[in-house]
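Descriptive structure summary
Now for the letters of each chain:
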Amino acid sequence: MGIPQAMVALRERASFVKDSLHRSQTITDNMVSILGSFDHRLSALETAMRPTQIKTHSIRSAHDNIDKTLKAAEVILTQFDQTRKAEAKILRGPHEDLESYLEAVDQLRANVRFFSSKKSFKSSDGIINHANSLLAKAILKLEDEFKHLLTNYSKPVEPDRLFDCLPNSLRPSASGQQSGGGGKNHSDKPSIETVTFTLPTLIPPRVIPLLYELAQQMVQAGHQQQLFRIYTDTRAAVLEQSLRKLGVERLSKEDVQKMQWEVLEAKIGNWIHFMRISIKLLIVGEKKICDQIFDGNESVKTQCFAEATGCSVAMLLSFGEAVARSKRSPEKLFVLLDMYEIMRELQPEIQILFDSKVCAEMREAAINLTKRLAQTAQETFGDFEEAVEKDATKTAVQDGTVHPLTSYVINYVKFLYDYQATLKQLFQEFDPGDPEAQLASVTTRIMQALQNNLDGKSKLYKDPGLTQLFLMNNIHYIVRSVRRSEAKDMLGDDWVQIHRRIVQQHANQYKRISWAKILQCLTVQGTNSSGGGDSGISRTAVKDRFKTFNAQFEELHQRQSQWTVPDSELRESLRLAVAEVLLPAYRSFLKRFGPMIENGKNPQKYIRYSPENLEQMLGEFFESKAWSEQKR
């Protein structure tokens, strides 16, 4: 029962599905027929609409062309308007508003470029010619403005302002003299690395950007030559005026040769400071503003800097050349070394400042001056050594003291050692060997030349004792001075010891020559032994010995109290050495033979001096009393 019912139900459902599918097919067939009819109608409609579409497209194209033409006309009208506004600004000139004026120049250039690209526009050529004419006028006005600004704000720098830019250690002293300079102790000189230089304001900072913009416009317009001429004429004149206010002057070799030494020495001292101020402050400052004004235009920048500074640098170096080429003399050596020293100090700065090809002449001139100074200093060195050996002074110092030549040479050598570092640099300019060994060799030769000359001068004395005293005094002065100076390190302990022994040898020679004869009076050798008495010596012979001793001692006292031993220790040592020989011999002779005279008639006639009297009188030797000279 259950199954047949299920089958009936299934059959009914199958029948329903079949009917549904049949109706769906019928509907589909109807829709296809309808759509086919629509396709035919649409095709007919499209055919009918095509003329209308073509007309509409033409209208739209025409509209687009009109729109583009109007826009192009608007752009051209805008350019016309901008040209008109730029022209108005340019005709007013740059004084009122330089920034706006420069914008107008740029706008004109832009307009020229615009119309140059619109050659199809009939009026382009006329507009371009008009704009270029305005640009030419504008650039001329910019030239005038550049010159006006540069001239108005370029003023010579007063010396006081320059001095304020120096570090304290290099500023002029209260007396008006420059600090530093020749003859000072170089160990006290501040290291140039530790000092700070403050550049002076050559042109106000607010003006520099304006000058830069003007320079850029002139370069862009092809007016480099006009720019170069304006800048160099103005800045060169101002720089020279600053130097002249400072005290720089152009002098020839003949001018230098005519000057008294004191005047020349002062001028050289000033020149050394002028060089430092000029290079480190004025020339460096000039380079800075040149770099700022012509930034981005390397060729213009280097040309302008070279031309603006050339005459001033030549004026500075000319004085150094004049001194280096003038007649050599020993006193010039130290100022030559000072000049060489400042040129060496400034050499790195000079190399940087004048590194371009157009500045090569100035760079080479500075290098050549440094070499010339080194050469002249070395030749002066040689002249000095020769002059010491050949000094022909024939007037002997009467009291046998230290000769002026000795003190001059020793002071000269002491000053040389203030320049040790400079001298070593100088030696290396000509010889790559050990500069310290060269300095030691030079010092030794100078000392030997001095001793050779002193040997010759010692022969001027008629008294051989004074000859020995003179040599003793001078060699002792040399040794003592060397021991107290830096020359000791160069000459060495052996040199000092050898020359101390030489001093002692001259002292011994003095004692032997001056006192040997008088000591003979205090011996019994060679006396007449007749007449009895101690050792057979006669009273008459003893009287003669005392008389001879008295006469010789008085003569020695009279002469040698006029002689001088300026060193107190050496003087006392020499007196003591004489006393140690004379007094014991006199005491012995007096003790042995004095009673023979004391028991006779007028003993004081023969025995004039007690040992104490002699000792006191020995204390008066070597005091130079006759000339009342100040003790050294």
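Here is a short report on the structure shown in this document. Note that this is a predicted model, so its numbers are computed, not measured.

About the cut-offs
Residues numbered from 1 in each chain as written. Predicted model: local features only at pLDDT ≥ 70, side-chain atom pairs only at ≥ 80, totals over all residues. Heavy atoms only, no water. Patch = residues over 30% accessible without salt bridge, like charges linked within 9 Å, V, L, I, M, F, W, Y side chains within 5 Å. Areas by Shrake-Rupley, 256 points an atom, 1.4 Å probe, with all protein chains shown as cover. Salt bridge = Lys/Arg side-chain N within 4 Å of Asp/Glu carboxyl O. Lys, Arg positive; Asp, Glu negative; His and termini not counted. Charge placed at Lys NZ, Arg CZ, Asp CG, Glu CD. Helix = DSSP H or I, 4+ residues; strand = E, 2+ residues; numbered from the N terminus. 1 Å grid on protein atoms, 1.4 Å probe; cavity = no way out; pocket = protein on both sides within 12 Å on 5 of 7 lines; lining within 4 Å. Points joined across faces, edges and corners; volume = space filled by probe spheres on them. Nonpolar A, V, L, I, M, F, W, Y, C, P; charged D, E, K, R; others polar. Axes fitted to C-alpha atoms, helices over the stretch in contact; angles between N-to-C directions. Parallel < 35°, antiparallel > 145°, perpendicular 65-115°, else oblique. Left-handed = near helix turned anticlockwise from the far one by under 90°. Contact = heavy atoms within 4.5 Å. Buried < 20%, exposed > 50% of the residue type's maximum accessible area, 1.4 Å probe, protein only.

**Considerations on a positive patch on the surface**
- A contiguous patch of positive charge on the surface is contributed by K414, R483, R484 and R500.
- For R500, the location among the structural elements is in helix α16 (residues 487-520).

**Some points on the layout of surface pockets**
- Empty space within the largest pocket amounts to approximately 480 Å³.
- As for the largest pocket, its lining consists of 18 residues, and the residues nearest its centre are H476, R500, V503, E569 and L570.
- If you list the elements that add at least two residues to the lining of the largest pocket, you get α15 (464-483), α16 and α18 (568-598).
- When residues of the lining of the largest pocket are assigned to their parent elements, the largest contribution, six residues, is made by α16.
- Its residues placed into classes, the lining of the largest pocket shows seven nonpolar, four polar and seven charged.

**A look at empty space enclosed by the protein**
- A complete count under the given rule lists two cavities of 30 Å³ or more for this structure.
- Counted as a void, the largest cavity has a volume near 50 Å³.
- Around the largest cavity, the lining residues are K155, V157, L202, R235, V238, L239, S242, L282 and E286.
- For the lining of the largest cavity, the elements supplying multiple residues, two or more each, are α6 (224-246) and α8 (261-293).
- A per-element tally of the lining of the largest cavity places α6 first, with four residues.
- Its residues placed into classes, the lining of the largest cavity shows five nonpolar, one polar and three charged.
- In terms of lining, the second largest cavity is formed by M275, I279, V313, L317, I350, F354, M362 and A366.

**What about the packing of helix α17 (residues 539-560) against helix α19 (residues 611-618)?**
- For the pair α17 and α19, the least separation of the axes is 11 Å and the interaxial angle reads 20 degrees. Taken together, the axes of α17 and α19 lie roughly parallel to each other. Considering only the axes of α17 and α19, their crossing is left-handed. Residues F549, F553 and H557 of α17 form the contact with α19, whose own contacting residues are L614, M617 and L618.
- Its residues assigned to classes, the contact of α17 with α19 shows five nonpolar, one polar and no charged.

**Some remarks on the pattern of salt bridges**
- Tallying each qualifying case throughout the model produces 23 salt bridges.
- Between K245 and E158 there is a salt bridge, with the nearest N and O atoms lying 3.1 Å from each other. Of this pair, K245 sits in helix α6 while E158 sits in the loop between α3 (124-153) and α4 (159-164), and the two are 87 residues apart along the sequence.
- For K245, a relative accessible area of 41% gives the class partly exposed.
- On the accessibility criterion, E158 (38% relative accessible area) is partly exposed.

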